[in-house]
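# Per-entry structural report
Next come the chains, spelled out residue by residue.
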Amino acid sequence: TQVAGMLGKPESYVMISIIHGTCMSFAGDTSPCAMLELKSLGLPEQQTAAFSDSLCNFITTETGIPANRIYIQFSSPERHMWGWDRRTF
């Protein structure tokens, strides 16, 4: 719901994968950290800073992982590079 609302897209278009218990090191430290990927068709570049703020706040609230231990990779693939239901967008 958080991501769908942020992107202004229906929740039926949002997929989330959480891989808990993965061994990760961030800045040489194995304390809890997170790596997020947000891929969206038409992702507005001018809003990625606001999205980063929103996602970091959400992850910190839900998991206790501090924002300075969260990386987010944003990408906006071309419509023909995204497939669903036997076709592309």
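Residues numbered from 1 in each chain as written. Predicted model: local features only at pLDDT ≥ 70, side-chain atom pairs only at ≥ 80, totals over all residues. Heavy atoms only, no water.

## Quick word on the layout of surface pockets
Here the largest pocket defines a volume of roughly 1,700 Å³. Those elements giving two or more residues to the lining of the largest pocket turn out to be α1 (2-7), β1 (34-39), α2 (48-63) and β3 (83-84). Broken down by element, the lining of the largest pocket gets its largest block of residues, six residues, from β1. Residue composition of the lining of the largest pocket, grouped by class: 24 nonpolar, twelve polar and five charged. (1 Å grid on protein atoms, 1.4 Å probe; cavity = no way out; pocket = protein on both sides within 12 Å on 5 of 7 lines; lining within 4 Å. Points joined across faces, edges and corners; volume = space filled by probe spheres on them. Helix = DSSP H or I, 4+ residues; strand = E, 2+ residues; numbered from the N terminus. Nonpolar A, V, L, I, M, F, W, Y, C, P; charged D, E, K, R; others polar.)

## What to know about the environment of Ile18
Here Ile18 lies in the loop between α1 and β1. With a relative accessible area of 74%, Ile18 lands in the exposed category. Residues Ile18 and Ile70, 52 residues apart in the sequence, show an inter-C-alpha distance of 14 Å. (Buried < 20%, exposed > 50% of the residue type's maximum accessible area, 1.4 Å probe, protein only.)

## Focus: α2
One full turn of an α-helix is made of 3.6 residues, so residues set three or four places apart face in the same direction. Spanning 16 residues, α2 covers 22 Å between terminal C-alpha atoms, matching the ideal 22 Å at 1.5 Å per step. Phe51, Leu55, Cys56 and Ile59 are the residues of α2 that are buried. Taken around the axis of α2, the buried residues stretch over an arc of 125°, which confines them to a single face. For α2, the exposed residues set more than 90 degrees away from the buried face come down to Ala49 and Thr61. The secondary structure elements touched by the buried residues of α2 are α1, β1 and β2 (70-75). Looking at the residues trailing α2, positive phi occurs at Gly64, about 85°. (Expected span 1.5 Å × (residues − 1). Arc of directions from axis to C-beta. Contact = heavy atoms within 4.5 Å.)

## With respect to the pairing of β2
Examined bridge by bridge, β1 and β2 share six bridges and lie parallel to one another. What sits directly across from Leu36, in β2, is Ile72. For the crossover that starts at β1, traverses α2 and ends in the parallel β2, the hand is right-handed. (Pairing = 2+ DSSP bridges. Right-handed = clockwise from strand over helix to strand, strands pointing away.)

## Some details on the environment of Leu7
Residue position: Leu7 is located in helix α1. For the pair Leu7 and Thr60, spaced 53 residues apart in sequence, the C-alpha separation works out to 20 Å. Leu7 has contacts with Leu38, Ser40, Leu43 and Phe51, leaving out every residue within four places of it along the chain.

## A few points about the confidence of the model for the protein chain
For the protein chain, mean pLDDT is 94; residues scoring 70 or higher make up 100% of the total. Averaged over each element, pLDDT in the protein chain is lowest for β3 (91) and highest for β2 (97). (pLDDT = per-residue confidence, 0-100.)

## Quick look at the packing of aromatic side chains
In total, this model carries three aromatic pairs according to the counting rule given. Consider the rings of Tyr13 and Trp84, whose centres lie 6.4 Å apart with planes at 45°: the pair is tilted. Taken together, the residues Tyr13 in the loop between α1 and β1 and Trp84 in strand β3 connect sequence positions 71 residues apart. Here Tyr13 falls in the exposed class, since its relative accessible area comes to 54%. Clustering of aromatic rings is evident, with ring pairs tying together Tyr13, Trp84 and Phe89. (Phe/Tyr/Trp six-rings, centres within 6.5 Å; stacked < 30°, edge-to-face > 60°.)

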